[in-house]
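So the chains spell out like this:
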Amino acid sequence: MSEPDPIPIETLFAAPAFSGAQISPDGRRIAYLARWQGRLNVFLHVIDQKMGWKLDGDRRLTADAHRNIESYVWSPDGDAIFYLQDKDGDENWHLFRKAVADVSARPVDLTPFPGTRVMGFSFSTADPNKIFVQMNMRDPTLIDLHVLDVTTGDSRMIGKDPGRFVYWIPMSNGLPHAFIIDPGGEYVLARFEDDDFVPLASFAGEDYPFAPTPIVPTPDGTGLWLGSNRGSDRTRLVRVDLTTGEESEVASHPVFSLDTPRPEADQRFAPSLILNPVTGDLLGARFLGERQVIQPLDTQFAAVLTKLNAISGGDLGHVSCDADGRRWVAEFTTDQDPGVTWFYDHMTGESQIIGRRRPNLDTRKLSPVRPVMVTSRDGLALPCHLTLPVDRAPHLLPTVLLVHGGPWYRDSASYDPEVQFFASRGYAVLQVNMRGSTGYGKAFTQAAKGEFAGRMHDDLIDALDWAIAGSYTDPDRVAVYGSSYGGYAALVGASFTPDRFAAAIDYAGMSDLRTLVADQPSFLREALLNNWIAYTGDPTVGADNATMLARSPVSRLDRIECPLLVIHGAQDVRVKLEQAQAVVESLQKRGHDVEFLVNEKEGHWFINENSNFELYRKIEAFLARHLKNEAS
């Protein structure tokens, strides 16, 4: 049997050729992200009278040759696009506005304040020239709510952070609201009135590692659409009345939970809710299964969804419509297709493909992602995914145990370039949704409390033993790899179970849980109560500090036996570079086989394509040496 022909790194990890397409409010133009000078920038396509594309209709709206523009939104009037951009991954996000009519004009930095971080923004439905911006301009340690005039650049503070955690919820036609955290960790929904918070409803802190999400104001300003699991293991979509604080169910699924993004995501365009981006009307809700389930909540959208599903057999990704809900742009993905974008006109029924993320990728070389269920040693059902290389016998393969970040996240049977990268080089890829992962109910998530480097790691080993017992995996050729929490898991694997891995790769992982918590920005301190502190401990408490150290790889570096590759961005503000340096310096002192890749112009994740080319070439060579895989 022939060995697999590896897919080139450039094909998998170059900036996408076409992605993030969004139709303008008037339905006449489509903006999208595409590659220019190796960086993602915003382009514009004009739709002609017959729905087809003008061959010469492309215009590049931005010219950022330094760093990718990862996402953007149309203004409600369609005159401009807005996007956030930081510098080299430092996460000091600035808000930029780019007028659509004047291609030659440079984007305007609406928040040109040194050291300022924009935590979120949303448009005012009452005044198209006003934007609500959450940022720490007044004090680096506090997040205030401002209303900003896009024509003059003037801003006015309308919500003052009193020195506590605040996630602001601006309202176009009324007083601001917010989620705050009380001393016991409860999330309190409150109205900000007369420089004070008036409580409306509370939610159990232990049920929400990152607050109830999504958080979206209803268009009439009288309520919030919210993800709630009050009284249930699953997350439902509810409406909270802003007068009474009472919640009423809007949508639910008998098995699956609502997709719940973190609060820092732009909630008007939250993936869990499908909204009309101009009117704010709720059209549908997404629920998490191995394949997503979309529940239409609008009669017209139900008809549109039927048509969209007939176009493609994939999962519906980003979708947008014009103000009338007539013209649509929708991207579909599968585990073996990174994304194809369609244009659909609901009035005429016409549709056509307008772009592919990776047109040069031969999808026949991609491997299917197989969901499997593994039982942990203490009886917990662990949703896992096994991906096997094509054109190779699925027997005693070198294996990459790929651990997701978070850990408040989850893997699914979807396209992942890393998975396909490893599989195309002859490796089996095992992904484990260990306890602590989201999407499988709050009890499954909460089962991770106190289990870092404990049962969370046991879950990974139990899944690996399943793959070995099934003869998929050669037990002597296993590498553990992941980023962020996954990087921590890789270090745990190498230091807590050194006999199980032939190699380990730590990408942006924390080596010391105590330092991780202590290094977080002060305005997030209270927010840590329900995630890192609840799950790992408080380093200011003596007993917790000792436990956190015991569960940190930095306490066991002398036990690492396998070769280790450490990868980190110098600008990382979530897991400081010092965490990686401590590991590397300790291992170097005892002459251990450790490699260190530091990128000076990246943060917690490498974004630019040249950074990723270097990253995956390094990983490819490292695994080829230490797993002795002849296909690499």
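Residues numbered from 1 in each chain as written. Predicted model: local features only at pLDDT ≥ 70, side-chain atom pairs only at ≥ 80, totals over all residues. Heavy atoms only, no water.

**Student:** Help me understand the sheet that holds strand S26 (residues 327-334), please; the structure alone is not making it clear to me.
**Tutor:** Strand pairing within a sheet occurs via backbone hydrogen bonds; the two strands may be parallel or antiparallel. Judged by pairing direction, the sheet is antiparallel, and its four strands sit side by side in the order S25-S26-S27-S28 without closing on themselves. If you trace the sheet from one side to the other, it starts and ends with strand S25 (315-321) and strand S28 (351-356), each paired once. Going across the sheet, the axis of each strand differs from the next one's by a mean of 25 degrees, ignoring polarity. Pairing of S26 with strand S27 (residues 337-345), which is carried by seven bridges, proceeds in the antiparallel orientation. Pairing of Thr-334 across the sheet is with Asp-337, part of S27. Contacts between helix H2 (residues 299-311) and the sheet are confined to S25, S26, S27 and S28, with S27 contributing the most and set at about 130 degrees to the helix. (Pairing = 2+ DSSP bridges. Helix = DSSP H or I, 4+ residues; strand = E, 2+ residues; numbered from the N terminus. Axes fitted to C-alpha atoms, helices over the stretch in contact; angles between N-to-C directions. Contact = heavy atoms within 4.5 Å.)

**Student:** Honestly, helix H11 (residues 609-626) in this entry has me stumped. Any pointers?
**Tutor:** Two residues of an α-helix separated by three or four positions point the same way, owing to the 3.6 residues in each turn. Over its 18 residues, H11 runs 26 Å from end to end, which matches the ideal 26 Å to within 8%, given 1.5 Å per residue. Those residues of H11 that fall on the buried side of the exposure criterion are Glu-609, Ser-611, Asn-612, Phe-613, Leu-615, Tyr-616, Ile-619, Phe-622, Leu-623 and His-626. (Expected span 1.5 Å × (residues − 1). Buried < 20%, exposed > 50% of the residue type's maximum accessible area, 1.4 Å probe, protein only.)

**Student:** Explanation requested: empty space enclosed by the protein in the structure shown.
**Tutor:** Over the atoms, a rolling probe the size of a water molecule traces out where space has been left empty. For the structure on display, the rule yields two cavities of 30 Å³ or more. Empty space within the second largest cavity amounts to approximately 40 Å³. Elements supplying a minimum of two residues to the lining of the second largest cavity: strand S1 (19-23) and S26. The element contributing the most residues to the lining of the second largest cavity is S26, with three residues. Split into classes, the residues belonging to the lining of the second largest cavity amount to three nonpolar, three polar and one charged. (1 Å grid on protein atoms, 1.4 Å probe; cavity = no way out; pocket = protein on both sides within 12 Å on 5 of 7 lines; lining within 4 Å. Points joined across faces, edges and corners; volume = space filled by probe spheres on them. Nonpolar A, V, L, I, M, F, W, Y, C, P; charged D, E, K, R; others polar.)

**Student:** Would you explain the sheet that holds strand S13 (residues 166-169) in this entry?
**Tutor:** As summarised here, the arrangement of the four strands in space is S13-S14-S15-S16, forming an open sheet in which the pairing is antiparallel. The open sheet has two edge strands, S13 and strand S16 (196-203), and neither has a second partner. Between one strand and the next, the sheet's axes are offset by a mean angle of 30 degrees, whatever the strand orientation. The sheet contact formed by strand S14 (residues 177-181) and strand S15 (residues 187-193) spans five bridges and is antiparallel. Across the sheet, Ile-180 pairs through a bridge with Val-188, a residue of S15.

**Student:** I keep staring at the packing of aromatic side chains and nothing clicks. Help me out?
**Tutor:** Geometry of an aromatic ring pair is reported as the spacing of the ring centres plus the angle between the planes. Considering all chains together, one arrives at 27 aromatic pairs under this definition. Considering the side-chain rings of Phe-13 and Phe-421, the 5.7 Å spacing of their centres and the 70 degrees angle between planes classify their relative orientation as edge-to-face. One end of the pair, Phe-13, is in helix H1 (residues 9-13); the other, Phe-421, is in helix H3 (residues 417-424), with 408 residues separating them in the sequence. Overall, Phe-421 belongs to the buried group, its relative accessible area being 1%. Centroid distance Phe-13 to Tyr-616: 3.8 Å. Interplanar angle 5 degrees. Geometry classified as stacked. Remark: Tyr-616 occurs in helix H11 and Phe-13 occurs in helix H1; sequence separation between them is 603 residues. The pair Phe-13 / Tyr-616 is uniform in exposure class, with both members buried. The rings of Phe-210, Trp-408, Phe-452, Tyr-485, Tyr-488, Trp-532 and Tyr-535 are connected pair by pair, giving a single aromatic cluster. Positioned over the ring face of Trp-36 is Arg-60, at 4.2 Å from the centre of the ring. One cation-aromatic arrangement involves Arg-556 over Phe-496; the distance from NZ or CZ to the ring centre is 4.0 Å. (Phe/Tyr/Trp six-rings, centres within 6.5 Å; stacked < 30°, edge-to-face > 60°. Lys NZ or Arg CZ within 6 Å of the ring centre and 35° of its normal.)

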